[in-house]
Structure formats: structure tokens, C-alpha cells
Amino acid sequence: MQAWISPDAAGVQTLRWETQPTPEPGPGEVRVRIHAASLNFPDLLIVQGKYQMRPPLPFVPGAEFSGIVDAVGEGVGHLKPGERVAGFSGTGAFATHAYVNAGLLAPLPDAFELDSAAAFICTYATSQHALMDRAQLQAGETVLVLGAAGGVGTAAIQLAKAAGAQVIAAASSAAKCERCLSLGADHVIDLSRQELRTSLKELTNGRGPDVIYDPVGGELSEAAFRSIAWRGRHLVVGFAQGQIPTLPLNLCLLKGAALVGVFWGEFAKREPQRNAAMMGELVRLHLAGRIVPVIDQRFLMRDLPAAFERMRSRQVTGKILLLNEH
């Protein structure tokens with residue numbers, strides 16, 4: 001097998017593409033022949049040593065993937081070689097094969113194609129948990145999606161529309177705004193030429209959004225929160241801009257509003273039954289054609305550094321896929 005190795009979590013520049021033995025899976029493990037892995041923003045943070053989860057060194061990065069079961073270890077009864085699966089394992093996916101706890105793998109329905117499956121779990125689970133569980137989004141409410149053209153942003157647009165909400169998508173260019181409209185956004189704000197608060201006031205008749213989906217952080221967070229509706233919910237999803245904002249808490253008081261943390265990974269660990277039910281609903285929505293992962297570009301797995309460079313350019317719309325040559 002071949003895999004990208006991070007020896008020191010010192011950045012993309014120290015990653016190495018190495019050939020390694022292909023051992024048999026251990027008890028409770030499954031060896032998966034990786035078809036595709038997707039690039040998520042936390043993958044970049046992990047190889048830079050900046051993420052909250054820091055794996056032991058050295059490690060193989062890559063959290064999200066799809067592929068074919070290659071071999072199963074002792075005690076694995078619900079999966080068999082040749083079966084199509086998707087998984088979210090935290091690390092290990094940027095390789096030709098991955099060794100994964102069987103409980104982290106989901107068998108795929110025949111109609112669920114492998115490319116989409118590799119770009120599905122992280123963004124849609126995060127966005128569904130945020131909107132429907134943490135924000136308790138109701139049909140007819142207005143959702144502002146920041147970073148709307150990114151992976152979680154494109155997922156949030158589709159899921160909010162599936163829930164019957166009005167969606168305002170904010171993105172950094174006209175091209176990204178056009179993509180958001182094609183995904184169902186009702187209105188867009190081009191942050192390269194429009195001021196966020198003024199635009200929100202015009203689009204909501206001064207009322208503001210009921211829910212703010214915020215994976216961006218930085219200066220946009222306070223501007224958005226100052227525009228929130230009465231009893232609004234501001235979802236803290238991430239800090240892609242790089243700066244963790246400090247919000248004046250008196251704004252919560254004045255708006256009767258809530259700052260709500262979103263950590264899907266921890267939710268999945270602490271409440272596995274609720275997470276499983278949520279994932280089942282997401283698969284149903286996908287098979288019905290109501291949510292479809294947006295693929296920005298496809299790279300060969302061995303070209304991971306170029307994929308990271310594409311991510312750092314902030315030109316990505318949706319998700320980047322890494323494909324193996326089998």
C-alpha cells in the first residue's frame with residue numbers, strides 16, 4: 001500500500017508519499033481499498049498541528065473516504081469483502097488502503113455512488129446537526145449561511161431549503177454567489193462588493209436572520225450577530241478565516257439571542273443513536289435527490305499537496321476529491 005505520512009505535524013511541506021506493507025486487519029478492524037477521499041478544512045489544521053485533535057506521530061492524515069472492503073478482522077460480522085462503504089475515521093484516509101474500526105463504516109446503498117459518498121458525511125452531518133438539532137430550524141425561518149460556497153456552506157444551503165427555510169448565502173465573489181443560487185439559495189450577498197449588515201437589513205426588511213450558520217469566524221461573526229433577529233440562533237461551526245472572534249455578550253441580551261456551539265464529531269460519540277438516525281435521514285434525502293455533494297475538483301491521491309494548495313487559495317466551491325488509481 002501507499003500512504004501520505006505526516007512525520008511531525010509541521011505542515012503540508014513535510015508530508016511524504018511512502019510505500020508500506022499491507023498488513024491484515026486486526027480484531028474489529030476492516031481494511032478498505034480507498035476509492036476516494038475528500039479534503040476538509042480540519043485536514044489542513046491537523047497536518048499543521050493546529051487542530052483540537054492531535055494524533056500520535058507519525059500519522060496518515062485524511063478523515064473522510066469511500067471504498068471497497070478488502071479484508072475484515074476477527075469479530076467483524078456485518079461487513080464482507082467486496083462491499084461498498086463510506087467512513088469518517090479522523091485520520092488514515094489519504095492512502096490506497098485504510099485500517100478502520102468496523103463501527104466507523106457505513107454500507108452504501110447501490111444507488112449511492114462512491115464519489116458522492118466520499119464527500120458526504122462530514123459536511124452534511126455537521127450542517128444537519130447544526131441546523132436541525134442545535135438551532136431547531138423551523139420551516140419559514142430565514143437562515144444566513146456564511147462561507148456559503150464552501151463544503152459545509154453548500155451542504156447548509158441544501159439542507160436549509162429541504163427544511164423549508166429561506167436562505168441568504170454570503171460568499172466572497174460573484175462566481176461563488178452564482179453557484180449558491182444554483183443550489184437553491186433565495187438571495188446572495190457578494191462580500192467583495194456588498195456590505196453584510198446593510199444587505200441583511202434590506203433582504204429581511206430590518207428583521208434580520210433567525211439562524212446564522214457561521215463556519216468562518218473573524219470579523220464577519222460580529223457583523224452577522226449584530227444583525228440577528230429577536231430570539232435568533234448564531235451557530236458557531238468553525239473559524240475558516242483563522243481568527244476566533246470575541247463577541248460583546250450584551251448583544252445576546254439585547255436580541256434575546258443565543259450563541260450555539262456545533263461539534264458534530266463529539267455529538268456522534270456522545271449520542272450515537274441520535275447520530276445514526278440523523279445519518280439515515282441524510283441518506284434518504286440524498287437518494288431522493290434533495291441533497292447532492294458539490295465537487296470542486298478531483299486530484300489523484302498522489303497529488304495531495306496540489307489539492308491542499310487549491311484549498312488554501314480559497315477558490316474552492318464545495319469539496320475537493322482525491323482519487324486512487326486502482
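For the structure itself, consult the block above.
Residues numbered from 1 in each chain as written. Predicted model: local features only at pLDDT ≥ 70, side-chain atom pairs only at ≥ 80, totals over all residues. Heavy atoms only, no water.

Caption draft 1: Representation of helix 10 (residues 272–287) within the structure. Compared with an ideal rise of 1.5 Å per residue, which puts 16 residues at 22 Å, helix 10 spans 22 Å between its outermost C-alpha atoms and is within 8% of the ideal. When helix 10 is considered as a whole, its buried residues turn out to be Asn 275, Met 278, Met 279, Leu 282, Leu 285 and His 286. Buried residues of helix 10 fall within an arc of 115° about the axis and therefore sit on the same side. Exposed and facing more than 90 degrees away from the buried side of helix 10 are Gln 273 and Arg 284. In the core, the buried residues of helix 10 are packed alongside helix 2 (114–118), helix 3 (121–134), helix 4 (151–162) and helix 9 (264–270). (Helix = DSSP H or I, 4+ residues; strand = E, 2+ residues; numbered from the N terminus. Expected span 1.5 Å × (residues − 1). Buried < 20%, exposed > 50% of the residue type's maximum accessible area, 1.4 Å probe, protein only. Arc of directions from axis to C-beta. Contact = heavy atoms within 4.5 Å.)

Caption draft 2: Quick peek at unusual backbone geometry. Note that the residue after Leu 57, namely Pro 58, is joined by a cis bond; omega there is -15°. Relative to the assigned elements, Pro 58 resides in the loop between helix 1 (41–47) and strand 4 (64–72). Non-glycine residue Ala 9 carries a positive phi angle of around 50°. Note that Ala 9 resides in the loop between strand 1 (2–5) and strand 2 (16–19). Ala 9 gets classed as buried once you look at its relative accessible area, which sits at 18%. A positive phi angle is found at Arg 314, which is not glycine, with a value near 60°. Among the structural elements, Arg 314 can be located in the loop between helix 11 (304–312) and strand 15 (319–323).

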